[in-house]
Amino acid sequence: MLYLFSAHKRSFCFKWEMSVLRRAKTWEISESEDSDHDRKSASKPDESRQKQTADSRDREARSAEEDPTNIPHPPAGRASRAALSPPRPDTSGSGGAPSPARRRRSKEEVEAERLKAKERKEERERRRAARAREKEERRQEQRRRREAADELRSLRPENCIKSLTVCLEPALLQHEGSDILLDTLAMLEWRCSVESRRVPGSITWTRDLPQGEDAQACVEEEPMVLVLTPGDFVDVVITVKKMADSGGEETAMGTVLRPLWECLNQGANKAVTMLVTDFESDHRTKESGGALPEQRLRTNLGMKNRDLEEVLVYLQLYKNISVVFLESWQDVADHVCAVTKALSKRPFKLLTERSELPFCVDGSWASGARVERDGSGLRDVWSRQIQQLNRVSPAVASAVTESFPSPRLLLQAYQNLGSEAEKKAMLAGLSVKTEGKERRIGPDISARMYRCLTAENPQLVLD
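What counts as what
- The residue count restarts for each chain, going from 1 along the sequence in the order it is written.
- Where totals are concerned, whole chains, interfaces and linings use all residues; where local detail is concerned, this predicted model gives features only for residues with pLDDT of at least 70, and gives and counts side-chain atom pairs only at 80 or more.
- Side-chain numbers here rest on the full set of heavy atoms in the structure, without hydrogens or water.
- Strand pairing requires that DSSP identify at least two bridges connecting the strands.
- Only DSSP runs of H or I reaching four residues or more are called helices, and only runs of E reaching two or more are called strands; each is numbered from the N terminus.
- Every axis corresponds to a line fitted to the C-alpha atoms, with the helix fit spanning only the stretch in contact, and the corresponding angles, defined between N-to-C directions, vary from 0 to 180 degrees.
- By definition in these notes, contact holds between two residues if any of their heavy atoms fall within 4.5 Å.
- Throughout, nonpolar core names a set of buried Ala, Val, Leu, Ile, Met, Phe, Trp, Tyr and Cys residues whose side chains join them through atoms within 4.5 Å.
- Exposure categories follow from relative accessible area, calculated using a 1.4 Å probe and restricted to protein chains: below 20% of the type maximum is buried, above 50% is exposed, and the middle band is partly exposed.
- Candidate patch residues must exceed 30% relative accessible area and have no salt bridge, after which like charges are joined if within 9 Å and Val, Leu, Ile, Met, Phe, Trp or Tyr side chains if within 5 Å.
- Each accessible area value is a Shrake-Rupley result obtained with a 1.4 Å probe; residue values ignore everything except the protein chains displayed when judging cover.
- The term salt bridge refers to a pairing of a side-chain nitrogen on Lys or Arg with a carboxyl oxygen on Asp or Glu at a separation within 4 Å.
- For the purpose of counting charges, residues Lys and Arg are taken to be positive, whereas Asp and Glu are taken to be negative. His and the chain ends are not included.
- Taken as the charge location is NZ of Lys, CZ of Arg, CG of Asp or CD of Glu.
- Whether a crossover is right-handed comes down to one check: with the strands pointing away from the viewer, does the path from the first strand over the helix to the second run clockwise; if it does, it is right-handed.

### Looking at the sheet that holds strand β6 (residues 321-326)
Read across the sheet, 6 strands follow the order β2-β1-β3-β4-β5-β6 without closing on themselves; strand pairing throughout is mixed. Edge positions in the sheet fall to β2 (191-194) and β6, since each of these pairs with one other strand and no more. Between one strand axis and the next, the sheet turns through 25 degrees on average, direction left out of account. Taken strand by strand, helix α8 (residues 257-265) contacts β4 (218-228), β5 (271-277) and β6, and its axis lies near 165 degrees from that of β5.

As structure tokens, then:
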């Protein structure tokens, strides 16, 4: 029974397979008949391939009849055969080494690469910030230098005098001859203003401040000039004499000293100068026979010289008031011009006095000598170092540098001499030419030069 079932099963499978093959051949023949000549030529390889497949399947069927255990499986379609692909080799095992380009990085490697990229980015940011900071510092340094140069230029006397204003009190212009002062100021093209002040008959000065230096537009200078007639000065002398005798008690002050004392007592830092002027100088000079103003004043006051000197000393010591006797309004104008010029020079002098070595500031070379990379300029530095010694003129320094162009050469010349006296007198006798005249360097300067270059005692006085 089992044999019959297996034989029946083999014959059924063989018949089913043969019917499939005949149906496939019928489809191929019908497709070839309906196609044109081009498609016939293209389908010939497919027909040969199908014949080979059929032959192989016939051989498999015959082998199945001979071997009952070999049962054929149903054939798969053409599309399923095309979709199949050979298995890829397993590269993850130990059979083959993985490709470096396709190898997956570990978490540690990814994290290390990320940290390196972050460090490179931070380094670029630091360099960029450093470059920006250096650029800003250079810009600020250039701005500071430009501002310092502008400030120094504005503090020079010829520019500073343009910011000064001479303030005249209206009562001063009531005197005959005050036009001389106004004409002098107008001729010099100095600024002048007429405005009321706390002290009648006074002359003060104001200076305009640079923009941004202070909230105030201008500041009042310390000097104050008070123009007095001989009669006004007599009242001042009498009042001050009483104050000195009473121990400094300020009582019964006249019309001249009261506003002045009030101004000084309010804390005004003023240096007052009283200009005692005889406005009728020609008439008074003829009557007195050409006597000096002080002599005429003492004669009119009937005071002893000692009493008048005591009054002048008291004003100078206790009130910082000085007294000057003048002849005419022209002398007053000259005095005002002298004070104005002194005020214009004071800011620049204060600036130069703030330097560490104020004694080095002298003449046009106050800023120092420029030394180039090739060494040019060192001889000028050597010459100016010699000029720092007391009583050493530029001509003397030039004579020394012509004979010894550098300090080393001068020190070598000292070492070649034997005795101390010869070394001290070595520079004596060098020729110095000034304004067509010729003279010699003295032994004093020669000895000071030797002590300056060879002495080891820092407390040694050269002179």
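Now that the structure is up, let's keep going.
### Concerning the nonpolar core
Core analysis: the largest hydrophobic core is formed by 25 residues, its most contacted members being Val236, Leu260, Met274 and Ile321. Every element with two or more residues in this core is listed here: β4, α7 (230-245), α8, β5, α11 (305-319) and β6. Counting 21 residues, the second-largest nonpolar core is a separate cluster that includes Leu164, Trp190, Ala333 and Leu343.

### Regarding a positive patch on the surface
A cluster of like positive charges, contributed by Lys116, Arg120, Lys121 and Arg124, occupies part of the molecular surface. Mapped onto the secondary structure, Arg120 falls in helix α4 (residues 107-155).

### Notes on the pairing of strand β1 (residues 164-168)
Most of β1 is tucked away, with 5 of its 5 residues classed as buried. Both faces of β1 are covered, namely the face carrying Leu164, Val166 and Leu168 and the face carrying Thr165 and Cys167. Inspection of the sheet shows β1 paired to strand β3 (residues 202-208) by 5 bridges, in the antiparallel sense. Following the sheet pairing, Val166 is matched in β3 by Trp205. For β1 and β2, the ladder comprises 4 bridges, and the chain directions are parallel. Residue pairing for β2: Cys167 is matched across the bridge by Ser193. In terms of handedness, the path from β1 via helix α6 (residues 179-187) over to β2 forms a crossover that is right-handed.

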